[in-house]
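Next come the chains, spelled out residue by residue.
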Amino acid sequence: MAGTLDFSPDDRYNAFITTCAEAPFGDGPLAGTAVAVKDNISTAGIRTTCGSKILDGYVPPYDAHVVDLLRRAGAAIVGKTNMDEFGMGSTTETSAFGPTRNPVDLTRVPGGSSGGSAAAVAAGLVPMALGTDTGGSIRCPAAFCGIAGLKPTYGRVSRYGLIAYANSLEQVGPMARTVEDVSRLMSVIAHYDPRDSTMLDRPYNHRPSAEVKGLRIGIPEEYFGEGVDPRVGESVRDAIGVLEGLGAETVPVSIPGMRHALAAYYVICTSEASSNLARFDGVRYGPAVDTRKSWHEAYQDLRRELLGAEVRRRIMLGTFALSAGYAGQYYAKAQVARRKIREDFGRALREADVIAGPTMPTVAFRLGEKTDPISMYLSDILTAPANLAGIPAISVPCGRVDGLPVGLQIMGRQFEDERVVDVAFAYEQEVRA
Ligand code: GLN
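Thresholds, definitions, all that
Residues numbered from 1 in each chain as written. Predicted model: local features only at pLDDT ≥ 70, side-chain atom pairs only at ≥ 80, totals over all residues. Heavy atoms only, no water. UniProt positions renumbered as here; feature names shortened; annotations may be inferred. Helix = DSSP H or I, 4+ residues; strand = E, 2+ residues; numbered from the N terminus. Near = heavy atom within 4 Å. Polar contact = N/O pair within 3.5 Å; in protein donor to acceptor, adjacent residues only side chain to side chain. Areas by Shrake-Rupley, 256 points an atom, 1.4 Å probe, with all protein chains shown as cover. Buried < 20%, exposed > 50% of the residue type's maximum accessible area, 1.4 Å probe, protein only. Pairing = 2+ DSSP bridges. Contact = heavy atoms within 4.5 Å. Expected span 1.5 Å × (residues − 1). Core = buried A, V, L, I, M, F, W, Y, C linked by side-chain atoms within 4.5 Å.

Caption draft 1: Layout of the UniProt feature "domain: Amidase" (unreviewed entry) in the chain. According to UniProt, the positions carrying the feature "domain: Amidase" (unreviewed entry) are residues 27–420. In residues 27–420, the share of helix is 34% and the share of strand is 15%. The end C-alpha atoms are 29 Å apart.

Okay, here's the thing in structure tokens:
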């Protein structure tokens, strides 16, 4: 029961920003199940910070649609999980509430930006959690912590009540120790909500099947190329071999647009972030404002003080990319690249039913290991393309390198979330047996 949960082990991980002993509501498919929720998803009456000082003390007056659905399914929301500030990062080190540690190895990062959700699940503090994924933030921490996580098709889960980072890319999604639980949680959260105009009425209500006979798995060479640790590539190839043993076939596919993926992703996400984050002026939440200063001065000083370096960097990059005279060179070009990547995936997913590759190019980094932003951004190379294309992608644990978990990523056609879940389930069942 939620009321008796022991959070003391979290002193080691710092997976939670806020914990709350909430009584579960009656019955439903998740009756009495403790669920952790990433701290950029609004929870009525529970502080929601986005991992930022600028929202410290913000208590939303309403629930996000997904939270409402969780409550109605009987789940107990037991806490809000740590994250990179506003979702910007791949390690959970940019949180204003201190970094989260990877339960598999406390000297390593859990991945990000949904690192707190992944760590809470991997440490056994909760069986399942919600994360959000703009460029890999569910799949990266799932891979690094050795759990499963799904980024749903864009438009399949409501973003109402999600504090936006980059609207055209992000989705809320389920994280859990097993694919079956990922699918259970997905069945609860993927229901139509007219309050999110980008949503389609395609509810997910699925029980995973391990049947993969005759399935065509596309293997994109770009997912095994430069920058990918060969030992990670090897683990993933072995996992694909397991699926072949179950009757699936592999076909080579290609996503030539991949070479523009990171540039396009970072122009688009920073542009959208610069616009989304303009509303945070530090006036209502966070420390008191110095009213003797002019508005401009106060706004600048507060944002300098209350937003972290990575968030400020991205606001500046995005503002520049959208500014008059440059928007054509950057933002419009990024949209062209995005369309090309989407077309490449469309073609590859006609030649194959799903696409498989590693989730992350390496295993979890050491805390403090990545110091320059470019090398951090490079780690998103295998995850951000699915966000640009709007397609579903799941990460499921497949073996270890240096004792650290590796993630197998399965991507599918739009609205074929069920299929990527099935393939991950088939693999998981086979290796667990
Ligand atoms: N690491 C990526 C970024 O920093 C992805 C983040 C996310 O998916 N929220 O933008």
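Resuming the write-up.
Caption draft 2: Spotlight on the site of the ligand. Near the ligand there are 15 residues, and of these Thr134, Gly135, Ser137, Tyr165 and Tyr265 occur at the shortest range. One of the backbone nitrogen or oxygen atoms of Thr134 is found 2.7 Å away from an oxygen atom of the ligand. Take Arg314: an N or O atom from its side chain is 2.9 Å from an oxygen atom of the ligand. Burial of the ligand by the protein amounts to 99% of the accessible area it has alone, namely 290 Å².

Caption draft 3: Expanded view of the pairing of strand S9 (residues 354–358). Burial runs high along S9: five of the five residues are buried. Relative to strand S11 (residues 404–412), S9 runs antiparallel, the two being bridged by five bridges. Along S11, the bridge assignment pairs Pro358 with Leu408.

Caption draft 4: Examining the UniProt feature "active site" (unreviewed entry) in the chain more closely. Under the UniProt annotation, "active site" (unreviewed entry) lies at Lys38, Ser113 and Ser137. Spatial clustering of the annotated residues is evident: they stretch over 100 residues in sequence, but the largest pairwise C-alpha distance comes to 10.8 Å. Lys38 sits in the buried class, given a relative accessible area of 0%. Leaving out residues up to four positions away in the same chain, Lys38 has contacts with Lys80, Thr81, Met83, Ser113, Ser114, Ser117, Leu130, Gly131, Thr132 and Ser137. Relative to the helices and strands, Ser137 is located in the loop between strand S4 (128–133) and helix H4 (139–145). Excluding its chain neighbours within four sequence positions, the residues that come into contact with Ser137 are Lys38, Gly87, Gly89, Gly112, Ser113, Ser114 and Thr132. Engagement of the side chain of Ser137 in a polar contact is seen with the side chain of Ser113, the distance being 2.7 Å.

Caption draft 5: Inspection of helix H13 (residues 417–432) at higher detail. Between its first and last C-alpha atoms H13 spans 22 Å; for 16 residues at 1.5 Å apiece the expected length is 22 Å, and the two agree. Within H13, the full set of buried residues consists of Asp417, Glu418, Val420, Val421, Asp422, Val423, Ala424, Phe425, Ala426, Tyr427 and Glu428. Residues of H13 that are buried in the fold lie against strand S5 (148–151), helix H5 (179–189), helix H6 (230–245), S9, strand S10 (393–401) and S11.

Caption draft 6: Up close: the environment of Gln171. Within the element layout of this structure, Gln171 appears in strand S6 (residues 171–176). Along the primary structure Gln171 and Ile138 are separated by 33 residues, whereas in three dimensions their C-alpha atoms are 9.4 Å apart. Side-chain polar atoms of Gln171 contact the backbone nitrogen of Val157, separated by 3.2 Å.

Caption draft 7: Representation of the nonpolar core within the structure. Leu70, Phe86 and Leu408 are the most contacted members of the largest nonpolar core, which totals 118 residues. Looking at this core, the element that brings in the most residues is helix H7 (residues 261–276), giving nine residues. Setting aside its immediate chain neighbours within four residues, Leu70 contacts Leu30, Val35, Val37, Ala75, Ile77, Leu130, Leu185, Val188 and Ile189. Among the nonpolar cores identified, the runner-up in size contains 20 residues, and Val121, Ala129, Ala142 and Cys145 belong to it.

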